[in-house]
Structure formats: C-alpha cells, structure tokens
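Residue-level structure breakdown
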Amino acid sequence: MENFTFCSPTEFVFGRDTEKEVGRLCLKHGASRVLIIYGGGSVVRSGLLQRVEQSLTEAGLPYETLGGVKPNPEDGLVREGISKVSGERSYFLLAVGGGSVIDTAKAIACGACYDGDFWDFYIGKAKIEQALPVGVVLTIPAAGSEGSGNSVITNTATGQKISLRSPEHLRPVFSIMNPELTYTLPPYQTASGICDMMVHIFERYFTNTAETSITDHVAEGVLRSIIEQAPLVMKNPQDYGPRANIMWAGMLAHNGLCGTGHVEDWASHFMEHELSALYGVTHGAGLAVVFPAWLTVVSRTNPHKAVQLAERVLDVCPDGLTEHEIIAEGIARLRRFWSSLGLPTNLHELGIEQPDIDALVRNLHVTKGEPIGGYVRLDRTLTREIYELMK
Ligand code: NZQ
Ligand code: ZN
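Residues numbered from 1 in each chain as written. Chains lettered and ligands numbered in written order. Predicted model: local features only at pLDDT ≥ 70, side-chain atom pairs only at ≥ 80, totals over all residues. Heavy atoms only, no water.

**Considering the overall build of the protein chain**
Counting its secondary structure elements, the protein chain contains 16 helices and eight strands. In summary, the protein chain has a C-alpha radius of gyration of 20 Å against a globular reference of 21 Å for 391 residues, a match within 12%. Along the three orthogonal principal directions, the C-alpha set of the protein chain runs to about 70 × 45 × 45 Å. Of the contacts formed within the protein chain by residues at least 6 apart in sequence, a portion of 78% connects residues at least 24 apart. Accessible surface, the protein chain as shown: approximately 15,600 Å² in total, 50% of it carbon and sulfur. The protein chain carries 33 positive and 45 negative side-chain charges, and their two centres are separated by 2 Å. (Helix = DSSP H or I, 4+ residues; strand = E, 2+ residues; numbered from the N terminus. Rg over C-alpha atoms; globule rule 2.2 N^0.38 Å. Contact = heavy atoms within 4.5 Å. Areas by Shrake-Rupley, 256 points an atom, 1.4 Å probe, with all protein chains shown as cover. Lys, Arg positive; Asp, Glu negative; His and termini not counted. Charge placed at Lys NZ, Arg CZ, Asp CG, Glu CD.)

**As for the packing of helix 9 (residues 213-235) against helix 13 (residues 304-312)**
Two numbers describe how helix 9 lies on helix 13: the axes approach to 11 Å, and their chain directions differ by 45 degrees. With respect to each other, helix 9 and helix 13 are oriented oblique. In this structure, the crossing between helix 9 and helix 13 has a hand that is right-handed. Counting all contacts with helix 9, which are made through D216, H217, E220, L223 and R224, the residues of helix 13 involved are K305, Q308, L309 and R312. Among the residues making up the contact of helix 9 with helix 13, the classes are represented as two nonpolar, two polar and five charged. (Axes fitted to C-alpha atoms, helices over the stretch in contact; angles between N-to-C directions. Parallel < 35°, antiparallel > 145°, perpendicular 65-115°, else oblique. Left-handed = near helix turned anticlockwise from the far one by under 90°. Nonpolar A, V, L, I, M, F, W, Y, C, P; charged D, E, K, R; others polar.)

**What about the site of ligand 1?**
Around ligand 1, the structure places 31 residues, and the nearest of them are G40, S42, G99, S100 and H200. G40 is positioned such that a nitrogen or oxygen atom in its backbone is 2.7 Å from an oxygen atom of ligand 1. Taking S100, its side chain carries an N or O atom lying 2.6 Å from an oxygen atom of ligand 1. For ligand 1, whose free accessible area comes to 960 Å², the fraction covered by protein is 89%. Of all the elements in the fold, those that place two or more residues in the shell around ligand 1 are helix 5 (99-111), strand 6 (150-155), helix 8 (187-205) and helix 11 (267-279). Partitioned by chemical class, the residues of the shell around ligand 1 number nine nonpolar, 19 polar and three charged. (Near = heavy atom within 4 Å. Polar contact = N/O pair within 3.5 Å; in protein donor to acceptor, adjacent residues only side chain to side chain.)

**Things to note about the environment of S55**
With respect to the helices and strands, the residue S55 is situated in helix 3 (residues 48-58). Take S55: its relative accessible area is 6%, and that puts it in the buried class. Taking the C-alpha atoms as reference points, S55 and I357, separated by 302 residues in sequence, lie 49 Å from one another. When sequence neighbours within four positions are dropped, the list of residues in contact with S55 reads E19, K20, E21, V22 and G23. (Buried < 20%, exposed > 50% of the residue type's maximum accessible area, 1.4 Å probe, protein only.)

**Description of the packing of aromatic side chains**
A full pass over the atoms with the stated rule returns 17 aromatic pairs. Ring geometry for F202 and F291: centres 4.6 Å apart, planes at 15 degrees, overall stacked. Taken together, the residues F202 in helix 8 and F291 in helix 12 (residues 283-301) connect sequence positions 89 residues apart. Judged by relative accessible area, which is 2%, F202 ranks as buried. Given a relative accessible area of 1%, F291 falls into the buried group. For the ring pair F206 and W294, a centre distance of 5.4 Å and an interplane angle of 90 degrees mean the geometry is edge-to-face. Placement of F206 in the loop between helix 8 and helix 9 and of W294 in helix 12 is noted, with a sequence separation of 88 residues between them. (Phe/Tyr/Trp six-rings, centres within 6.5 Å; stacked < 30°, edge-to-face > 60°.)

**Details of the coordination of the zinc ion (ligand 2)**
Listed as protein donors to the zinc ion (ligand 2) are D196 (OD), H200 (NE2), H269 (NE2) and H283 (NE2); their distances from the metal cover 2.0 to 2.2 Å. Read N to C, the donor residues that coordinate the zinc ion (ligand 2) are spaced as D-x3-H-x68-H-x13-H. A residue pair is termed long-range when its members are at least 10 positions apart, and H269 in helix 11 and H283 in helix 12 qualify at 14 residues. A relative accessible area of 15% means that H283 is categorised as buried. (Donors = N, O, S within 2.8 Å, 3.2 Å for Na, K, Ca; no water.)

**What to know about the pattern of salt bridges**
Here the structure, examined in full by the defined rule, presents 21 salt bridges. Across the pair R384 and D358 runs a salt bridge whose closest N-O atoms are separated by 3.0 Å. Of the two residues, R384 is situated in helix 16 (residues 380-389) and D358 in helix 15 (residues 357-368); the sequence distance between them amounts to 26 residues. With a closest N to O distance of 2.9 Å, K391 and E388 form a salt bridge. A residue is classified by how much of its surface remains accessible, and K391, at 54% relative accessible area, is exposed. (Salt bridge = Lys/Arg side-chain N within 4 Å of Asp/Glu carboxyl O.)

By themselves, these figures tell us nothing about what the structure is for.
Next comes the structure, spelled out in structure tokens:
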C-alpha cells in the first residue's frame, strides 16, 4: 500500500427534509451573504429553490441567485459568477443541483480569490491558495462533487474540458443529501449517474499497487451494493430506500475512500471528457461506452484486476474458464448491466454517428500529455485503438 492522506472534512447531512436545514448550516459555516447557484430550472420546477430561499430568509441571511448552469458546465457562467462576487470575500457559495452546478460554484470559489484568470488553475498555470466556502444541496447522485475536491469545467474558446483537483480548497464545507430530491430525475440521468459512480470506483480499483486488500474490499462492497440497488431505483424511482443507498454510494465512490493507498488510473475519465467536450454527451453515459473498451485493451497486457473484478463483483464462476474467458465474460456482464439500465453500448447509441477519432486522440494528448493512465500506460496508438473499439 502507498502512503496516503485521507481528509474528507465535508459535513454530510443526509435524509428526508434536510434541505430545510440549509440556513442553519450556512450560518454554522460562517456565511453572512449567500450566492445561490443552480442549473437549467429543475430546482425551480420542483419547488426546491423556494424552500432553500425560505430557509435562508428564516436564518436572516441575505442572498442572490445565479441560475443557468448547463450540463458539462462552461467557463462563461463561471466568469459571470466571479464578477458578481469579486472584491467581496464575504460571499458563501451555495450550489443547489448536481455536479455541473457544484463544479461551477467551486470554479467561482477559487476564481474569486485570484487576480488572474480562473482557467489558470485548470491548465496548471497557477495553484489555488484561497477559495470561498462552498455548500451543497445535492439533487443527483452521479459526479460525487458533493464530497470531492474536484471541479470539471469546459472552456468554450479552447474546446477543452478539464478536471481540476485541489481537495484542500475545493471540498464543500457541507453537503445536504435528501434522497427524495432525486425522485424527479429523468431515468437516463439516474442511469448515467449510476454508471459514473461505478467508474469512479473502477478508476481507483484498477491499480498495480500491491497489498490493498482493505481498499479493494471497500470498493467491491460499494460496487456490489450499486449493482443490487440500481434495478430497484430504475423500476420504482420513488422508493426511498434504493434512492438513499444509491445517493450515499455516489458520495462514497468519489470522496477518496475507495482509492486509499492506491496509485489511481483515470484514463477512462480523460477519454470521456474529450467525448463530452466535443459532442456534449452526458458524462456517465459516455463512460458506459468508454470503460468496457478501455478494459478490453488494458486487460490484454495487465489482466489481474479484471479477473478479480469479474469474480468478486460480477459473479463470474472461473471453473473451466481461461483467464481470457473470465475477463470477456466480466466485460459482457458489465455491458449487459448498463444496457439494462438504458445506457448506450457504443458511440452510435450515444448519438455520435461519425466520430472524429483524430480530433479525440489529438485533444486528449494535448490536454493530458502522453502516456496517460496508471494501470496501463497508454500512448496515442492505444488510445486510438480504444476509441475505435467504441464504434
Ligand atoms: O440543470 P437542471 O435543470 O437542474 O437539470 C439537470 C441536468 O439537466 C438534471 N437534474 C439534476 N437533478 C435533477 C435534475 N432533473 C430533475 N430532477 C432532479 N433532481 O440533470 C441534468 C444533469 O445534471 P448535472 O449536474 O450535469 O449532472 P451530474 O451530477 O452528472 O454532473 C455532470 C458533470 O460533472 C462532471 C462531469 O464531467 C459533468 O460535467 N464531473 C465532476 C466530477 C467532480 N467534480 O468530482 C467528477 C466526475 O467524474 C465528473 O467528471
Ligand atoms: Zn465521472
């Protein structure tokens, strides 16, 4: 096992009606004025925004709003938010929504405390020294941004979608997680979120680090629970128990717990971010196409974790099968599982008819360098092969 630091300081407030505590929590975490950030309108239609505003008013907190965050959030709204709060270090940023809203809030949080362009942090030109506090009311279990130290933003001028990791500055101070708030999710978003959280675990699980039994078993336990609960959520979206289990799984998948002591991979995420940057696809749905192709290629030269996953998580019985057959059956089961949730299995089903593989490979390595990935180091020949396999 590698040396590691695990610090997950976010206060998670989980359960029914917990959004009513948002005013109290903002005060507890030092807010004196609040900027509420939200997306394209689901929180207006559901009445959540109004309940949040009421709670802030009852707590005596003045607030403003910034709506309109799009899925695969863009730099334009980040800049608007930064100009709204700049010069005012007293703002508390409250993200009411999913990963796109939370990531926008995090980008505003660090950009507002910096004299240069916030994008400098994303391209590695500057390091965050200070950020405004961010609180969260989560409406979709998926990206795990409610517990992560990451923010993923697309720069529309350069076409780059980049993930910034700075856990000491970007983890939310609190996250309110009421499973009932997820009842209104469209099935495709629920399914995409389930895939995203599974791949957050896979990115950490696929490692060459030895002697990580504890972390492997934590990861396998969370994965098995997701596989058990996902069909229940899809069948009855208003069943509290499965919704609650899936919501908590999404947080556990991405706050770092499932990767303690591991060298992590992240090549599938880098490859998907190029798909969502170029074609605007839903991140989790893109991963349902990327990950099996990635696993097919990497397990050719490094099979051991794919075998372990197939046997321990996907219940492939190894008796009489070669290593290659165990892996192939594991990948087939994973594809079938995601497909049963309504997710795509190839680029065509993802809505990309004529993928520009040259552009995907070029953009990937311009942004992420070469080689990428921790489990198997992938040069552009291998990443091209993986993209080709997705057709
Ligand atoms: O915008 P609104 O109207 O709110 O609608 C959203 C949006 O259209 C809708 N939605 C959310 N909650 C809802 C709801 N609709 C009805 N009822 C509800 N309760 O769902 C759509 C997707 O929302 P979004 O926030 O984009 O989803 P998600 O949480 O999957 O976030 C995806 C983004 O997060 C990034 C992805 O790349 C993508 O840009 N990621 C962020 C990470 C992080 N910060 O740690 C890690 C991830 O790997 C990921 O890359
Ligand atoms: Zn993800």
